[in-house]
Amino acid sequence: MTYSSDKRPPEIVIDGQVFYRVEGDLLLDSDELDVYLETQQALRAQREAARRLRERGVAGVDGDTGPLGRLTSGLLGILQDGKIVRWEPGTVLKYCVLRKTFPKREWYTAVVENMQRATDDWSATCGVRFEHVTAADESDALRPPEVVFPVRHLDSGGQFIASAFFPNDPEGRRRVFIDPSYHTTSFDHVGVLRHELGHAIGFRHEHIRSGAPALCPDESTVGTVDLTQYDPRSVMHYFCGGVGSRELAITELDRVGAQYVYGPPLSSFLLLAA
Ligand SMILES: [Zn+2]
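Residues numbered from 1 in each chain as written. Predicted model: local features only at pLDDT ≥ 70, side-chain atom pairs only at ≥ 80, totals over all residues.

**Q** Hey, could you go over the sheet that holds strand β2 (residues 17-22) for me, with residue numbers and the actual values?
**A** Here 3 strands make up an open sheet; going across it, the order is β1-β2-β3 and the pairing antiparallel. For this open sheet the edge positions go to β1 (11-14) and β3 (26-28), each flanked by a neighbour on one side alone. Neighbour-to-neighbour, the strand axes of the sheet open up by a mean angle of 45 degrees, direction not taken into account. Here 3 bridges tie β2 to β3, and the two strands are oriented antiparallel to one another. Residue Val 22 lies in a different strand from β3, and its bridge partner there is Leu 26. (Pairing = 2+ DSSP bridges. Helix = DSSP H or I, 4+ residues; strand = E, 2+ residues; numbered from the N terminus. Axes fitted to C-alpha atoms, helices over the stretch in contact; angles between N-to-C directions.)

**Q** Account for helix α3 (residues 189-200), with residues named and values stated.
**A** Here α3 is 12 residues long and its end C-alpha atoms lie 17 Å apart, about the 16 Å a rise of 1.5 Å per residue gives. Counting buried residues in α3 gives 12 out of 12 residues, a clear majority hidden from the surface. Taken residue by residue, α3 has His 189, Val 190, Gly 191, Val 192, Leu 193, Arg 194, His 195, Glu 196, Leu 197, Gly 198, His 199 and Ala 200 as its buried positions. If you follow the buried residues of α3, they end up packed against α2 (105-123), β8 (149-153), β9 (162-163), β10 (176-178) and β11 (203-204). Backbone geometry just downstream of α3 places Gly 202 in the positive-phi region, at approximately 115 degrees. (Expected span 1.5 Å × (residues − 1). Buried ≥ 20, exposed ≤ 12 C-beta atoms within 10 Å, placed from the backbone. Contact = placed C-beta atoms within 7 Å.)

**Q** Tell me about the sheet that holds strand β6 (residues 92-97), and please be specific about residues and values.
**A** One open sheet holds the 5 strands; their spatial order is β7-β6-β8-β10-β9, and the pairing between them is mixed. The sheet terminates laterally at β7 (129-132) and β9, the two strands that pair on one side only.

**Q** Which residues make up the pairing of strand β4 (residues 76-80), and what values do they have?
**A** Bridge analysis of β4 against β11 gives 2 bridges, and the strand direction is antiparallel. The partner of Gly 77 across the bridge, within β11, is Phe 203. Pairing geometry for β4 and strand β12 (residues 224-226), over 3 bridges, is antiparallel. Residue pairing across strands places Ile 78 opposite Thr 224, the latter belonging to β12. Relative to strand β5 (residues 83-84), β4 runs antiparallel, the two being bridged by 2 bridges. When the sheet's bridge partners are listed, Leu 79 is paired in β5 with Ile 84. A loop of 2 residues connects β4 with β5, the two strands running antiparallel in sequence, and Asp 81 in this loop sits at a positive phi of about 55 degrees.

**Q** With reference to specific residues and values, describe the nonpolar core.
**A** Counting residues in hydrophobic clusters, the biggest one holds 45 residues, and the most contacted among them are Val 151 and Ala 162. Contributions of two or more residues to this core are made by β6, α2, β8, β10, α3 and α4 (252-262). When sequence neighbours within four positions are dropped, the list of residues in contact with Val 151 reads Tyr 95, Val 97, Leu 98, Val 111, Met 115, Val 176 and Ile 178. The next biggest cluster of nonpolar side chains, apart from the first, holds 8 residues, and it includes Phe 19, Tyr 20, Leu 33 and Leu 37. (Core = buried A, V, L, I, M, F, W, Y, C linked by C-beta atoms within 7 Å.)

**Q** I'd like a rundown of the pairing of β6, residues and numbers included.
**A** Inspection of the sheet shows β6 paired to β7 by 4 bridges, in the parallel sense. When the bridges of β7 are listed, Tyr 95 appears paired with His 132.

**Q** Summarise the environment of Gln 80; cite the residues concerned and give the values.
**A** Among the structural elements, Gln 80 can be located in strand β4. Gln 80 gets classed as exposed once you count the C-beta atoms within 10 Å, which come to 12.

**Q** So, the packing of α2 against α3: which residues are in play, and what are the values?
**A** Where α2 contacts α3, the axes come no closer than 8 Å and their chain directions differ by 55 degrees. What the angle tells us is that α2 and α3 run oblique. Considering only the axes of α2 and α3, their crossing is right-handed. Contact residues: α2 offers Ala 110, Asn 114, Met 115, Arg 117, Ala 118, Thr 119, Asp 121 and Trp 122, while α3 offers His 189, Val 190, Leu 193, Arg 194 and Leu 197. (Parallel < 35°, antiparallel > 145°, perpendicular 65-115°, else oblique. Left-handed = near helix turned anticlockwise from the far one by under 90°.)

**Q** Hey, could you go over the environment of Lys 104 for me, with residue numbers and the actual values?
**A** With respect to the secondary-structure elements, Lys 104 resides in the loop between β6 and α2. Sequence separation of Lys 104 and His 153 is 49 residues, and the distance between their C-alpha atoms is 9.9 Å.

Below, the structure written as structure tokens:
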């Protein structure tokens, strides 16, 4: 779904702060939304201009090969200051699952188990480390200081199944939200968390690429970097346009892209201390 500047996405109020949902599961504050919408408008204008030039037979102009919309395009990384965004080597991504935010004990238990499997899958894919700090699960604080990010229940009214953050988001935004719809979605429940954790380690949506089918959300790829070829089965591709996967499994191309950023799994090395 795309939004024009006169049509802002609906507001979601979280802990008293207003956010806007874009691309299905990304939350932006008001300033970020302004930038996002401007970028999209520029992208549309560029594509429209290129289309008109093609119609007039102007040679050498192809809107799909410009810097804002390339046809190549697996895994998308985030670019900031011309560099790929990733966690510092040695970072342990400590998390907790805030039990008291979940209205049902079995929802909490399911999220704990599925987070374990999803984090194990990423650690078996590339050089990232996660740790479940179980003692912090019982915290009354929404942001226990001993974790990098908490996972918590949040009723968004079904606006998203789950939502995460990027490594370069401010500290206060590092959290994973689980909507009640998560527990009934036909997407694989571990897969949804694999997808959200993909954001948390720095990957954008696969389906924002121009190579994706036209039915997929047409979002801006500004500030991203292609890590692999376009991959319709990517864990970062939502189910759209007849491609994508409800399993949200980590594909071979995802592995290649993730290892480009984080290297092979740490379990594949004999690590020696100096
Ligand atoms: Zn997503």
